[in-house]
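# What the coordinates show
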Amino acid sequence: MFEFENKYKNIGLVAGIDEAGRGPLAGPVVCACVIMPLEEDKIIQGIDDSKKLTPKKREYLFSKIKEVALAYSIVEVSERTIDEINILQATKLGMKKALESLDIVPKTVLIDAVKIDTQINQIPIIKGDSLSYNIASASILAKVYRDNLMKNFAIQYPNYHFDKHKGYGTKEHILLLKQYGKCPIHRESFIKNFI
C-alpha cells in the first residue's frame, strides 16, 4: 500500500487522485484528490480500495481522512458535462480540477489508471486504489461523497430509488427508468439503450 509513496516521498509531498461514479446511468462523476501524511504515527489503519470496505467502515474512514489529511478536495462533474465531452474526458477534467483545488501543491500525484493535463509529476497506476495509500484515501472520499449525494437525489426523485443503487444500471433501476422515463440527473448518453 506504500510502495509508490515510499518511492516518491523523498522528492516532496505525494497526492493521490481517484473517482467514483464512472459507470452509473445517473448522477455526476466525483473526483477526489488528497495528500495524506506518511509519518508512521499518522497512518490511518484500515484504508483500502473503497469497493472492498463496508459502507459503515467507509463513512468512518471518510471522516478520519478529512481530519488527518494535509490537504484534500472533492469535485463533481455533472451529467450534462459527461454527455457533452464523454465520461473519460469528464473524469480527467474532474481529476485535474480536484488537483488544482488543493491548498498545497504536491510534487508527485499518483492517479488511478489515467493521465491528466498537469505539469506536476504524475504516475498513473492500474488498480491504484488497491496499491496506493493516497489513491485509496481519495477513493474513499469520492465514494462516500457520491453515495451521500445519491441519497439526497433519492429524496428529490423518489421514483428511482437512487439511495439503493446509487445510479448504477441495476435491473431495478432500468425497470424504473422504463416505467417513469428519465429525470434531470440521468446521463442521456448512458440511457439511450434503455428507454
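As a reminder, the structure under discussion sits directly above these lines.
Quick summary incoming for the structure in this document. What you see is a predicted model, and the numbers here were worked out from it, not measured in a lab.

So, about the sheet that holds strand β4 (residues 108-112). Through backbone hydrogen bonds, the strands of a sheet pair up, either in parallel or in antiparallel fashion. Taken in spatial order, the five strands of this open sheet run β3-β2-β1-β4-β5, and their pairing is mixed. A single partner strand is all that each edge strand has here, and the edge strands are β3 (71-77) and β5 (121-125). Across this sheet, the average inter-strand angle for adjacent strands is 20 degrees, counted without regard to direction. As defined by bridge partners, β4 adjoins β5 across five bridges and the pair is classed as parallel. Among the inter-strand pairings, I111 is bridged to a residue of β5, identified as P124.

Bringing the side chain of R187 into the picture now. Take R187: it is sitting in the loop between α8 (171-180) and α9 (188-191). Within the buried set, R187 has no salt-bridge partner at all; the shortest N-O distance to an opposite charge, 5.9 Å, is to E79. Looking at R187, its side chain comes within polar contact range of the main-chain oxygen of P24, at 2.9 Å. At 2.9 Å, the side chain of R187 and the backbone oxygen of G27 are in polar contact.

Residues of β3 alternate between two faces, with A71, S73, V75 and V77 buried on one and Y72, I74 and E76 left unburied on the opposite face. Looking at chain direction, strand β2 (residues 29-35) and β3 are connected through seven bridges and run antiparallel. Within β3, the residue paired with V34 across the bridge is Y72.

A word on the pattern of salt bridges. Side chains bearing opposite charge may pair, as long as their charged atoms lie close to each other. Applying the stated criterion across every chain, the model contains ten salt bridges. D147 serves as the salt-bridge partner of R58, at 3.7 Å between the closest nitrogen and oxygen. A residue pair is termed long-range when its members are at least 10 positions apart, and R58 in helix α2 (residues 55-68) and D147 in helix α6 (residues 133-156) qualify at 89 residues. Residue R58 shares its accessibility class with D147, and that shared class is buried. Two residues, E172 and K164, come together in a salt bridge whose shortest N-O distance is 3.6 Å. With a relative accessible area of 27%, E172 lands in the partly exposed category. One continuous salt-bridge network, built from bridges that share partners, spans D49, K51 and D129.

Attention shifts here to the environment of K96. For K96, the location among the structural elements is in helix α4 (residues 87-100). When its relative accessible area of 24% is taken as the criterion, K96 is described as partly exposed. When the C-alpha positions of K96 and K115 are compared, they lie 9.5 Å apart, and in sequence the two are 19 residues distant. Ignoring sequence-local partners within four residues, the contact set of K96 consists of I116 and D117.

As a further point, take the packing of aromatic side chains. By the definition in use, this model includes four aromatic pairs. With centroids separated by 6.2 Å and ring planes inclined at 70 degrees, the aromatic side chains of Y160 and Y180 adopt a geometry described as edge-to-face. Highlighted residues: Y160 in the loop between α6 and α7 (162-165) and Y180 in helix α8, separated in sequence by 20 residues. The class of Y160 is buried, set by a relative accessible area of 5%. An aromatic cluster is present here, built from Y160, F162 and Y180 joined pairwise through their rings.

With that out of the way, let us pick up the pairing of strand β1 (residues 14-20). Most of β1 is tucked away, with seven of its seven residues classed as buried. Alternating residues of β1 divide into V14, G16, D18 and A20 and A15, I17 and E19, and every residue in both groups is buried. Pairing of β1 with β4 involves four bridges; the strand directions are parallel. In the sheet register, I17 faces β4, and the bridge partner there is I111. Relative to β2, β1 runs antiparallel, the two sharing five bridges. For I17, the partnering residue across the bridge sits in β2 and is C33.

Thresholds, definitions, all that
- Residues numbered from 1 in each chain as written.
- Predicted model: local features only at pLDDT ≥ 70, side-chain atom pairs only at ≥ 80, totals over all residues.
- Heavy atoms only, no water.
- Pairing = 2+ DSSP bridges.
- Helix = DSSP H or I, 4+ residues; strand = E, 2+ residues; numbered from the N terminus.
- Axes fitted to C-alpha atoms, helices over the stretch in contact; angles between N-to-C directions.
- Buried < 20%, exposed > 50% of the residue type's maximum accessible area, 1.4 Å probe, protein only.
- Lys, Arg positive; Asp, Glu negative; His and termini not counted.
- Salt bridge = Lys/Arg side-chain N within 4 Å of Asp/Glu carboxyl O.
- Polar contact = N/O pair within 3.5 Å; in protein donor to acceptor, adjacent residues only side chain to side chain.
- Contact = heavy atoms within 4.5 Å.
- Phe/Tyr/Trp six-rings, centres within 6.5 Å; stacked < 30°, edge-to-face > 60°.

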